[in-house]
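What follows is the residue order along each chain.
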Amino acid sequence: MSDAFRLTDEQREFRGVVRTLCEDKIAPRAAQIDADAVFPHDVRTLLAANGLLGLHIPEEYGGGGADAVTFCVLIEEVARACASSSLIPGVQKLGTMPLLLAADEEQLRRWLPPLASGDELISYCLSEAGAGSDAAAMTTRARPDGEGWRLDGSKMWTTNAGVSDAYVVMAKTDPDAGARGVSAFYVRADDPGVSVGRKEDKLGIRGSPTCQVHFDGCAVPGDRLVGRPGEGFKTALRALDHTRLTIGAQAVGIAQGALDHCVGYARERRQFGRPIGSFQAVQFMLADMAIDIEAARQLVYAAGASADRGDPDLGLLSAAAKCKASDVAMAVTTDAVQVLGGYGYVSDHPVERMMRDAKITQIYEGTNQIQRLVVARRLLGPL
Ligand code: COS
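Rules used throughout
- Residues numbered from 1 in each chain as written.
- Predicted model: local features only at pLDDT ≥ 70, side-chain atom pairs only at ≥ 80, totals over all residues.
- Heavy atoms only, no water.
- Axes fitted to C-alpha atoms, helices over the stretch in contact; angles between N-to-C directions.
- Helix = DSSP H or I, 4+ residues; strand = E, 2+ residues; numbered from the N terminus.
- Parallel < 35°, antiparallel > 145°, perpendicular 65-115°, else oblique.
- Left-handed = near helix turned anticlockwise from the far one by under 90°.
- Contact = heavy atoms within 4.5 Å.
- Patch = residues over 30% accessible without salt bridge, like charges linked within 9 Å, V, L, I, M, F, W, Y side chains within 5 Å.
- Areas by Shrake-Rupley, 256 points an atom, 1.4 Å probe, with all protein chains shown as cover.
- Salt bridge = Lys/Arg side-chain N within 4 Å of Asp/Glu carboxyl O.
- Buried < 20%, exposed > 50% of the residue type's maximum accessible area, 1.4 Å probe, protein only.
- Lys, Arg positive; Asp, Glu negative; His and termini not counted.
- Polar contact = N/O pair within 3.5 Å; in protein donor to acceptor, adjacent residues only side chain to side chain.
- Near = heavy atom within 4 Å.
- 1 Å grid on protein atoms, 1.4 Å probe; cavity = no way out; pocket = protein on both sides within 12 Å on 5 of 7 lines; lining within 4 Å.
- Sits in = over half its atoms within 2 Å of the grid points.
- Domains from an automatic or database assignment.
- Buried area = accessible area lost by both parts, 1.4 Å probe.

Notes on the packing of helix α6 (residues 232–268) against helix α7 (residues 280–309)
Moving on, step 1. Two elements in contact, α6 and α7, have axes whose closest approach is 9 Å; the angle formed by their N-to-C orientations is 155 degrees. Relative to α7, the element α6 lies roughly antiparallel. When you trace α6 past α7, the crossing you get is left-handed. Of the residues in α7, those in contact with H242, L245, G248, A249, V252, A255, Q256, L259, C262, V263 and A266 of α6 are V282, L286, M289, A290, I293, A296, R297, V300, A303, G304 and A307.

Here's the deal with a nonpolar patch on the surface
Moving on, step 1. A cluster of nonpolar side chains, namely L379, L380 and L383, defines an oily patch on the protein surface of about 430 Å² accessible area.
Moving on, step 2. Relative to the helices and strands, L379 resides in helix α10 (residues 368–380).
Moving on, step 3. You can call L379 exposed: its relative accessible area is 69%.

Concerning the side chain of K322
Moving on, step 1. Topologically, K322 is positioned in helix α8 (residues 314–340).
Moving on, step 2. Buried and unpaired, K322 has D327 as its nearest opposite-charge partner, separated by 7.5 Å.
Moving on, step 3. A polar atom in the side chain of K322 sits 2.9 Å from the side chain of N368.
Moving on, step 4. Residues contacting K322, with those up to four places away along its chain left out, are R244, I247, G248, T361, Q362, I363, Y364, E365, G366, T367, N368 and Q371.

Notes on the site of the ligand
Moving on, step 1. In the vicinity of the ligand lie 18 residues, with S133, R180, K234, R244 and R377 positioned nearest.
Moving on, step 2. Between a nitrogen atom of the ligand and a main-chain N or O atom of S133, the distance comes to 2.8 Å.
Moving on, step 3. Interatomic distance of 2.8 Å between a side-chain N/O atom of R244 and an oxygen atom of the ligand.
Moving on, step 4. When the ligand is considered free in solution it has 1,000 Å² of accessible area, and contact with the protein chains removes 70% of it.
Moving on, step 5. Of all the cavities here, the one that holds the ligand is the largest pocket.
Moving on, step 6. For the shell around the ligand, the elements supplying multiple residues, two or more each, are α6 and α10.

Considerations on the pattern of salt bridges
Moving on, step 1. For the coordinates displayed, the defined rule picks out 23 salt bridges.
Moving on, step 2. Note that D223 and R110 form a salt bridge whose closest N and O atoms lie 3.3 Å from each other. Of this pair, D223 sits in the loop between β7 (210–220) and β8 (225–226) while R110 sits in helix α5 (residues 105–117), and the two are 113 residues apart along the sequence.
Moving on, step 3. Overall, the relative accessible area of 35% leaves D223 in the partly exposed class.
Moving on, step 4. Among the salt bridges present, the one from K155 reaches E128, with a minimum N-O distance of 2.9 Å. Of the two residues, K155 sits in strand β3 (residues 148–159) while E128 sits in the loop between β1 (122–125) and β2 (141–145), which places them 27 residues apart along the sequence. An identical accessibility class is assigned to K155 and E128; each is buried.
Moving on, step 5. Look at the salt bridges and you will find they share partners, linking R19, E23, E77, R80 and D260 into a network.

Considerations on the domain arrangement of the protein chain
Moving on, step 1. Its domain assignment divides the protein chain into domain 1 (9–117), domain 2 (122–233) and domain 3 (240–380).
Moving on, step 2. Just the C-alpha atoms count here: the centres of domain 1 and domain 3 sit 20 Å apart.
Moving on, step 3. The partner domain 3 presents 26 residues to the 22 residues of domain 1 that form the contact.
Moving on, step 4. The contact between domain 1 and domain 3 buries some 1,900 Å² in all, and 63% of this surface belongs to carbon and sulfur atoms.
Moving on, step 5. Together, C72, E76 and R80 form the three largest contributors to the area buried by domain 1 at its contact with domain 3, with a combined 30%.
Moving on, step 6. There are three salt bridges connecting domain 1 and domain 3.
Moving on, step 7. Put simply, R80 and D260 hold a salt bridge, and the shortest N to O gap is 2.8 Å.

Below you can see the structure in the form of structure tokens.
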């Protein structure tokens, strides 16, 4: 479909270039990446070489200086080919966002350039085994230690753990102060006391490693504190306001990939002497998929534009975009498997992988129940 939300000429041109790159170099790898369940270092190198791992980072720190809508276009196009691969730039933004929002100038000049070039990757550590939706219930501690801090605890569900060079870690500096007792830290993967734990065996996004990260008496210097003590929870949630819409873009990309495959299949596959696309039952399924994808895309771009304007209602729009687009992706990919019938259920076609990949978009960066909670709280205010 054409875009009612009018991308600029530059954004449309960018989309064309990225689409070609993804179709030529990433889509042919997607099935193998899923089957191997191994981080695709070749795709990381490809994205870095094309300046796509620091696209969102301001130019003064060596990045591409792209706006949020352009970043959505990138994620959508990579996810259309391979959802696992789209998490490489996606998580790079999630990990750098707390820095961009709260780090001081000296820290940004030190930490961002290797991330902008793609020489380094960074992950975001918020969730724990007992603190998922209730993120403020985290128990990871950071205690003052001489001039610096000492971190103890374990984080869970950390995307790209093990391949990342650095982690932004939310830890309690004042356990009695609830959400106001959390602080954010920049931790290097090779800092003493940091270790990567169990790698999860997942339903989808199997080429994107998800692991526990342990901090065992991990000593970091004082200048690793990001922002002020006690402001880490707000920094973490403000970062998610900027990146949940990115999950929306990923969901749109996965759904578009599934629809594109279905349309080709419906033209070719013949039953009862006719292409199955000539049956209204199939036509209406394809039409509904296209309508829902376009609606979700418009919401994602609207949230991106809200981020670019610095609107105060970004959190609401971002949560809405993530929630809507991920629900659409789950429905569209499930229908895509249905359109292909038995062929959709086996790995000869990509739609079963897309259906498995779509499921996580309803869960991570806040379950869709949490997204609805965020929207409802904005609607109702304090009760
Ligand atoms: N931006 C900045 N600050 C925010 C914020 C936002 N989007 N949302 C909340 N805050 C602030 C609040 O204003 C409050 O600060 P004050 O005490 O100074 O008023 C503080 O953060 C705590 O907020 P709140 O009381 O609403 O916290 P709750 O524990 O009730 O719940 C939710 C917050 C549930 C929204 C939050 O924990 C959440 O988003 N959970 C999901 C976590 C998540 O997405 N995890 C996935 C991680 S990536 S795999």
